[in-house]
Amino acid sequence: MAGNWKMNKTRDEALQFIYAVADKIPSITELDSVICAPSIVLRDLVKRQGDNLRIGAQNMNENDSGAYTGEISPAMLTSTNVEYVIIGHSERRQYYNETDIKVNEKTIKALEVGLTPIVCVGETLAQRESNDTFNVLKTQVEYALKNISYSDVFKIVIAYEPIWAIGTGKTATSDIADEACGYIRGLVENLYDKDVALKIRILYGGSVNVKNVKELMSKPNIDGGLVGGASLKPDDFITLCNEANEAKK
């Protein structure tokens, strides 16, 4: 269960959150719980994450260093001891012109430095209405996994996030979400093999909340959630983690 805070929370607010949830979420032996926070608070959160919560970044530059004003390098992230990084979120693609090629470069670099990339894919409303969803997913997944070795692909998390369901209050039905995640799993099997397809984690992201999380997580092809607004409140995040854990037992 991964929370994406996006551009929210000051340092004080972030600390209040971490103190409220760190000892109340399921054991890491049962559930991987992650908060992906703004880079400015990452070190503060890592120092207080406790035994069962892990911290991730929301973005990363694919270069080791250089004249890239405002960017965050892989080494900057690993020096804070974060373990995850979101790659290719739809908002990065839409607002900052991140291409499929760029997503692949960042994914490769994240793996090189030992970070777990949460690679996002998903279609717009126009693409879904024109029955182009599977073509979009095929292109995005194949680009994202290009030149990723068999041994490394197991380390990747893929998040299916239909753009039309992000922050809109619209949620893909559990059947629609499961169908798309199942299609992604099939793509992975075609690129590698059935063992990889079964073991790789595929998340659903798109207005996941405390009311729908259990139904979504009960689906066979959905291994977890990438959650936006519902991850900002401590009580809600705790509930999301507990509900997901129960659904998968």
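Structural notes, computed from the coordinates. Not measured: the values here are computed from a predicted model.

A few words on the sheet that holds strand β8 (residues 224–227). Around the barrel, eight strands lie side by side as β1-β2-β3-β4-β5-β6-β7-β8; this closed barrel has parallel pairing. Across the sheet, the mean angle separating the axes of adjacent strands is 30° when strand polarity is ignored. Pairing of strand β7 (residues 201–204) with β8, which is carried by two bridges, proceeds in the parallel orientation. Each bridged residue has a counterpart across the sheet, and for Y204 the counterpart in β8 is G225. Contacting β1 (2–4), β2 (33–37), β3 (53–57) and β8, helix α12 (residues 234–247) crosses the sheet at an angle of about 140° to β2.

For the rest of this paragraph, the subject is the environment of C36. Considering the arrangement of structural elements, one finds C36 in strand β2. Assessed through its relative accessible area of 0%, C36 is described here as buried. Each C-alpha atom, one on C36 and one on A2, is 7.1 Å from the other, the two residues being 34 residues apart in sequence. Excluding residues that lie within four positions of it along the chain, C36 makes contacts with G3, N4, W5, G56, A57, Q58, I86 and I118.

With that settled, the discussion passes to the packing of aromatic side chains. Applying the stated criterion to the full structure yields six aromatic pairs. Geometrically, the ring pair formed by F134 and Y183 is stacked, given 4.2 Å between the ring centres and 15° between the ring planes. Taken as a pair, F134 in helix α7 (residues 133–144) and Y183 in helix α9 (residues 174–191) lie far apart in primary sequence, 49 residues in all. Relative accessible area serves as the criterion here: at 32%, F134 is assigned to the partly exposed category. Relative accessible area serves as the criterion here: at 25%, Y183 is assigned to the partly exposed category. Here the aromatic residues W5, F17 and F237 are joined through ring pairs into a cluster of three or more. The ring of W5 carries K9 above its face, with NZ or CZ at 5.3 Å from the centroid.

Counted according to the given criterion, the structure contains 18 salt bridges. Where D23 meets K24, a salt bridge forms, and the shortest distance between an N and an O atom there is 3.5 Å. The partner of R48 in a salt bridge is D44, with the nearest N and O atoms 3.9 Å apart. Assessed through its relative accessible area of 15%, D44 is described here as buried. What you see here is one network of salt bridges that share partners, running through R11, D44 and R48.

Cut-offs applied
- Residues numbered from 1 in each chain as written.
- Predicted model: local features only at pLDDT ≥ 70, side-chain atom pairs only at ≥ 80, totals over all residues.
- Heavy atoms only, no water.
- Pairing = 2+ DSSP bridges.
- Helix = DSSP H or I, 4+ residues; strand = E, 2+ residues; numbered from the N terminus.
- Axes fitted to C-alpha atoms, helices over the stretch in contact; angles between N-to-C directions.
- Contact = heavy atoms within 4.5 Å.
- Buried < 20%, exposed > 50% of the residue type's maximum accessible area, 1.4 Å probe, protein only.
- Phe/Tyr/Trp six-rings, centres within 6.5 Å; stacked < 30°, edge-to-face > 60°.
- Lys NZ or Arg CZ within 6 Å of the ring centre and 35° of its normal.
- Salt bridge = Lys/Arg side-chain N within 4 Å of Asp/Glu carboxyl O.

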